[in-house]
Amino acid sequence: MAKVNPIKLKQDADKEEKAGRLDKAIDFLKLLVADNPKDWNTINKIGDLYGKLNNVKAANEQYAKVAEFYSKDGFYLKAIAVWKKINKNDPTVLEPYLNLADLYSKQGLMVDAKAQYEWVFNEYIKRGRIRDAGDALRKLADIDPTDLKIRSRLADLYMRDGNSAKAIEEHIAIADELGKKGHLAEALQVLEKGLKLDPKSALAYYDRGLTYYDQKDFDRAITDFDTAIKLFAANGLDDAESYFGRGIAYRQLGRTELAEQDFRHATSLDPRVEENMAKIGLTWRRLD
């Protein structure tokens, strides 16, 4: 194969562009890119020429290559500029919004990132793509886990999609956030709603046990920890944290022998429980 002369190819492309023969100009530029696939300026130029030909799809395909390169190499502002250009060319395509949201998040521009994900979520709902809408809302929740309205919407969406397991996970996450803020009554309400979705959720009983413990309702805490232990066991699991939770509740009621049995068993399952012994009597939550 004959050696490519980049200078001559650029000159030929310029000549064809000036003459209005844009297709031929593109052909010359593609030869340049074939010789140097990382010639991003030329790839961007090809996109511009396709744009002049009103071939939006082909133009955006070239721009996307450039945007992805900028993003991978950490040139986020440049990548944002290119994705915005793609978005302007065809606002109906959702990929640019998702990429912009990700880049805004990396730049710490959370308000802008959330706005992009919110737009995509609403668009997916309009198009009946419930699972994709859930993915967009999930990313929204990841950006700000403390936004309980988003998490509640996500739980409802999971139920709408028939995914009760994911829905109850969100209810538990919401309850945890409420518990951290001291809103224990509200946390219990959320967990009650979750248990209606899945009356056999060991995690929901475990979390409700913690919440009752925080409320100093130790008898109910013991009942829920006990139920969690049985439900975990039904799934072949021996959960150290549930035993530890029940143990600290027993201790608060002065039932030291039962407390020591639970502590001993919890420690045999997970030696890290010993590190939590100093926290007995304090609010204690499942470690991720």
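Residues numbered from 1 in each chain as written. Predicted model: local features only at pLDDT ≥ 70, side-chain atom pairs only at ≥ 80, totals over all residues. Heavy atoms only, no water.

**Quick word on the packing of helix α6 (residues 95–106) against helix α7 (residues 110–126)**
In a pair of packed helices, the angle between the axes and the distance between the axes together describe the arrangement. Where α6 meets α7, the axes come as close as 7 Å, and the angle between the chain directions of the two elements is 155°. Judged by the angle between their axes, α6 and α7 are roughly antiparallel. The two elements α6 and α7 meet at a crossing, and its hand is left-handed. Touching Y97, L98, L100, A101, D102, Y104 and S105 of α6 are M110, D112, A113, Q116, Y117, W119, V120 and Y124, all from α7. Residue composition of the contact of α6 with α7, grouped by class: 11 nonpolar, two polar and two charged. (Axes fitted to C-alpha atoms, helices over the stretch in contact; angles between N-to-C directions. Helix = DSSP H or I, 4+ residues; strand = E, 2+ residues; numbered from the N terminus. Parallel < 35°, antiparallel > 145°, perpendicular 65-115°, else oblique. Left-handed = near helix turned anticlockwise from the far one by under 90°. Contact = heavy atoms within 4.5 Å. Nonpolar A, V, L, I, M, F, W, Y, C, P; charged D, E, K, R; others polar.)

**Some details on helix α9 (residues 148–160)**
With 13 residues, α9 should cover 18 Å at 1.5 Å per step; its first-to-last C-alpha distance of 18 Å lies within 8% of that length. Inspection of α9 places L148, I150, R151, L154, A155, L157 and Y158 among the buried residues, and these make up the whole buried set. Residues of α9 that are buried in the fold lie against α7, α8 (130–143) and α10 (164–180). Just downstream of α9 lies G162, where phi reads positive at about 80°. (Expected span 1.5 Å × (residues − 1). Buried < 20%, exposed > 50% of the residue type's maximum accessible area, 1.4 Å probe, protein only.)

**Description of unusual backbone geometry**
The backbone phi angle of N54 is positive, close to 65°, even though this residue is not glycine. Take N54: it is sitting in the loop between α3 (40–52) and α4 (56–72). Within the chain, K216 stands out as a residue other than glycine whose phi angle is a positive 65°. Residue position: K216 is located in the loop between α12 (202–214) and α13 (218–234). Take K216: its relative accessible area is 64%, and that puts it in the exposed class.

**Some points on the nonpolar core**
Within the largest apolar cluster, 36 residues are counted, with the highest numbers of intra-cluster contacts made by L178, Y213, A221, F244 and A266. Tallying contributions element by element places α13 first for this core, with eight residues. Filtering out sequence-adjacent residues up to four positions away, A221 remains in contact with G209, Y212, Y213 and A249. Of all hydrophobic cores here, the second largest spans 29 residues; its members include L22, I43, Y50 and Y104. (Core = buried A, V, L, I, M, F, W, Y, C linked by side-chain atoms within 4.5 Å.)

**Examining the environment of D161**
Examined against the element boundaries, D161 turns out to sit in the loop between α9 and α10. D161 sits in the partly exposed class, given a relative accessible area of 28%. Separated by 26 residues in sequence, D161 and D135 place their C-alpha atoms 12 Å apart. Here D161 is in contact with I130 and R131, once residues within four sequence places are set aside.

**Some points on the pattern of salt bridges**
Oppositely charged side chains can pair when the atoms bearing their charge come close. Taken as a whole, this structure holds 22 salt bridges when the rule is applied. The salt bridge partner of E170 is R138, with a shortest N-O separation of 2.4 Å. Of this pair, E170 sits in helix α10 while R138 sits in helix α8, placing them 32 residues apart in sequence. Note on E170: relative accessible area 2%, which makes it buried. For D217, the salt bridge identified is with R220, shortest N-O distance 3.6 Å. Judged by relative accessible area, which is 48%, R220 ranks as partly exposed. Members of the salt-bridge network, linked through shared partners, are R138, D142, R151 and E170. (Salt bridge = Lys/Arg side-chain N within 4 Å of Asp/Glu carboxyl O.)

Without other data, these values stay purely geometric and don't point to any function.
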